[in-house]
Amino acid sequence: MLSNAYVWGKVIGYLEDLLTPTIVSTWFDDAEVVALTEDELILYSPSELRREVIARRCADHVKDAMKELFNSDVKVTVFDDAQLETYKNKGKSPTALDFNPQFSFDNFIVGPSNRFAHGAAIAVSKAPGQVYNPLFIYGPPGVGKTHLLYAIANGIRKQKPDANIVYIKGDQFTIELIAAIQSGRNIEFRNKYREADLFLIDDVQFIAGKEGTQEEFFHTFNKLYEEHKQIVMTSDRKPSDMLTLEDRLRTRFEWGLLADIQPPDYETRMAILKNKAHGLGLELSDDVCNYIAVNITNNVRTIEGTVKKILAYRDLNNMPLDLNNISRAIEDMFKAEGNAVPTPSLIISQVCKFYSMDEAILRGNQRTRNVAEARQIAMYLIRKLTNLSLPDIGMEFGGKDHTTVLHSIRKVESDLKKGETNLQNNIRDITANINSML
């Protein structure tokens, strides 16, 4: 049987002949083969932009390569982070070996906005369980929290190859717990996390407000902490701002070190730009870098996406990299602060995450108390945060009548006026989650 590495190497060679090595490097350099069967090739890429391009514009070329080289008709699927974690959790716990080695301390651009968190992460990687335990890194999306999380894992793996490293996202922890309860695998679930040498949890804010999840996490945290096992968490806000987080967890999150990361300053953005452009073989003039750094201020992820888009425009349109061309090519990447409006889909997805609920159930007709509350909050937030009319909101929920939507909104407003503390806190946390995604 041919190895996945051999097959993928041949496919890449085929694509380079077809599309040029530069284009293949741009879109496939971080793509990995997750699985290869008789009828499906599953790839993974950490980049949303690259996943989109591979799926929309390159999947047919990959299929042609498989047909031409191996006479194999396959479906091409590209996983994101959550899909990859779900897939791997079916068979084994993810370890640092599963982390992209590109996420290291060496290629993390350090500036005033992240120096403290960077230093704390390095200290933890050198002496896990001995300093800064737990380490709680918080800040807005796209500023490098997950990069540091993975860098810690990769650093510890180099020192201790046999270390039991476990990574999970906050919402996925809840999903796994529910599945374990349903299938009677509670002990297996607990052992997976409570026997870790290094426990990494990304977006821990998503466990707030979930009673069963918080109870399980509390005992997991205690066992690991008492055994001096390292715990590292990331969040989009500090523990004191998690309104629906239990006090006993909030205090434990604050036992170690809280390290915040803010959006990069101008000099750091310039350094990130030049570093990323150099890595992709781009030579950008100072006026171009200045234009991007001045206009894109929110996060590192947007800066990296902008550089990749410039590379794509150059390769696909043979575009000179002058300021005039680049300003037109990337103008859609600029977003005035405070003007972002969430989509109904984003609001619904964040409500579902908060309530650990499938979107089909929220959009459907089920009327249990939990579902009804979540649906009413979703309708209320769509009305509050978007410009959709009542009939348009109803269409998001299977064509419900506008009077039903109005009743749901008024129910939430009435309960808020009565001072329903739990409802107020839930809406505040969900709104914060929505804003963090913009």
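All of these numbers come straight from a predicted model, not from anything done at the bench. (Residues numbered from 1 in each chain as written. Predicted model: local features only at pLDDT ≥ 70, side-chain atom pairs only at ≥ 80, totals over all residues. Heavy atoms only, no water.)

## Focus: the side chain of Q230
For step 1, the next point in the chain: Along the chain, the position of Q230 falls in strand 7 (residues 230-235).
For step 2, the next point in the chain: Judged by relative accessible area, Q230 falls into the buried class, the value being 1%.
For step 3, the next point in the chain: Here N133 takes part through its side chain, which lies 3.2 Å from a polar atom of the side chain of Q230. (Helix = DSSP H or I, 4+ residues; strand = E, 2+ residues; numbered from the N terminus. Buried < 20%, exposed > 50% of the residue type's maximum accessible area, 1.4 Å probe, protein only. Polar contact = N/O pair within 3.5 Å; in protein donor to acceptor, adjacent residues only side chain to side chain.)

## Quick notes on helix 11 (residues 266-279)
For step 1, the next point in the chain: Taking 1.5 Å of rise per residue, the 14 residues of helix 11 would be expected to cover 20 Å, and the 20 Å separating its terminal C-alpha atoms lies within 8% of that figure.
For step 2, the next point in the chain: Within helix 11, the full set of buried residues consists of T268, R269, M270, I272, L273 and A277.
For step 3, the next point in the chain: Looking at the packing, one finds that the buried side of helix 11 touches helix 12 (286-295) and helix 13 (300-317).
For step 4, the next point in the chain: Once helix 11 ends, the next one or two residues include G281, with phi positive near 80°. (Expected span 1.5 Å × (residues − 1). Contact = heavy atoms within 4.5 Å.)

## Re the nonpolar core
For step 1, the next point in the chain: Counting 27 residues, the largest nonpolar core has V351, Y355, L362, L381, F397 and I430 as its most contacted members.
For step 2, the next point in the chain: Counting residues per element, the ones that place at least two in this core are helix 15 (344-355), helix 17 (369-385), helix 18 (390-395), helix 19 (402-417) and helix 20 (421-436).
For step 3, the next point in the chain: Of the residues forming this core, the biggest block, eight residues, is contributed by helix 17. (Core = buried A, V, L, I, M, F, W, Y, C linked by side-chain atoms within 4.5 Å.)

## Structural notes on the pattern of salt bridges
For step 1, the next point in the chain: The full count for this structure, using the stated rule, is 21 salt bridges.
For step 2, the next point in the chain: The partner of D29 in a salt bridge is R50, and the shortest N-O contact between them spans 2.0 Å. Here D29 is found in the loop between helix 2 (21-28) and strand 1 (32-36), whereas its partner R50 is found in helix 3 (residues 48-70), with 21 residues between them in sequence.
For step 3, the next point in the chain: Through salt bridges with shared partners, one network takes in D29, D30 and R50. (Salt bridge = Lys/Arg side-chain N within 4 Å of Asp/Glu carboxyl O.)

## Points about the sheet that holds strand 1
Note: strands within a sheet are paired through backbone hydrogen bonds, in either parallel or antiparallel orientation.
For step 1, the next point in the chain: On the basis of which strands lie adjacent, the open sheet formed by three strands has the order 1-2-3 and mixed pairing. Only two strands of the sheet have a single partner each, and these edge strands are strand 1 and strand 3 (75-79). For this sheet, the mean inter-axis angle between neighbouring strands, taken without regard to orientation, is 25°.
For step 2, the next point in the chain: Both strand 1 and strand 2 (residues 40-44) contribute to a ladder of four bridges, which runs antiparallel. Note that in strand 2 the partner of V33 across the bridge is L43.
For step 3, the next point in the chain: Against the sheet, helix 1 (residues 4-19) contacts strand 1 and strand 2, and its axis sits at roughly 120° relative to strand 1.
For step 4, the next point in the chain: On the sheet, helix 3 packs against strand 1, strand 2 and strand 3 and is oriented at approximately 145° with respect to strand 3. (Pairing = 2+ DSSP bridges. Axes fitted to C-alpha atoms, helices over the stretch in contact; angles between N-to-C directions.)

## Concerning the confidence of the model for the protein chain
For step 1, the next point in the chain: Summarising the model, the protein chain shows a mean pLDDT of 85, and 94% of its residues fall at 70 or more.
For step 2, the next point in the chain: Segment residues 335-339 is flagged for pLDDT under 50; beyond a separation of four residues in sequence, or across chains, it makes four contacts in the model. (pLDDT = per-residue confidence, 0-100.)

## Overview of the environment of A329
For step 1, the next point in the chain: Structurally, A329 can be placed in helix 14 (residues 323-329).
For step 2, the next point in the chain: Assessed through its relative accessible area of 5%, A329 is described here as buried.
For step 3, the next point in the chain: For the pair A329 and N295, spaced 34 residues apart in sequence, the C-alpha separation works out to 14 Å.
For step 4, the next point in the chain: Non-local contacts of A329, meaning those with residues more than four positions away in its chain, are made with K309, Y313 and M319.

## Regarding the pairing of strand 6 (residues 198-202)
For step 1, the next point in the chain: For strand 6, a buried count of five out of five residues is recorded, marking the element as mostly surrounded by other parts of the structure.
For step 2, the next point in the chain: Of the two faces of strand 6, both are covered, the one formed by L198, L200 and D202 as well as the one formed by F199 and I201.
For step 3, the next point in the chain: In this structure, strand 5 (residues 165-169) lies alongside strand 6, joined through five bridges in parallel fashion. Bridging across to strand 6, V166 finds its partner in F199.
For step 4, the next point in the chain: In the sheet, strand 6 pairs with strand 7 via four bridges, with the strands oriented parallel. Looking at the pairing, L200 lines up with V232 of strand 7.

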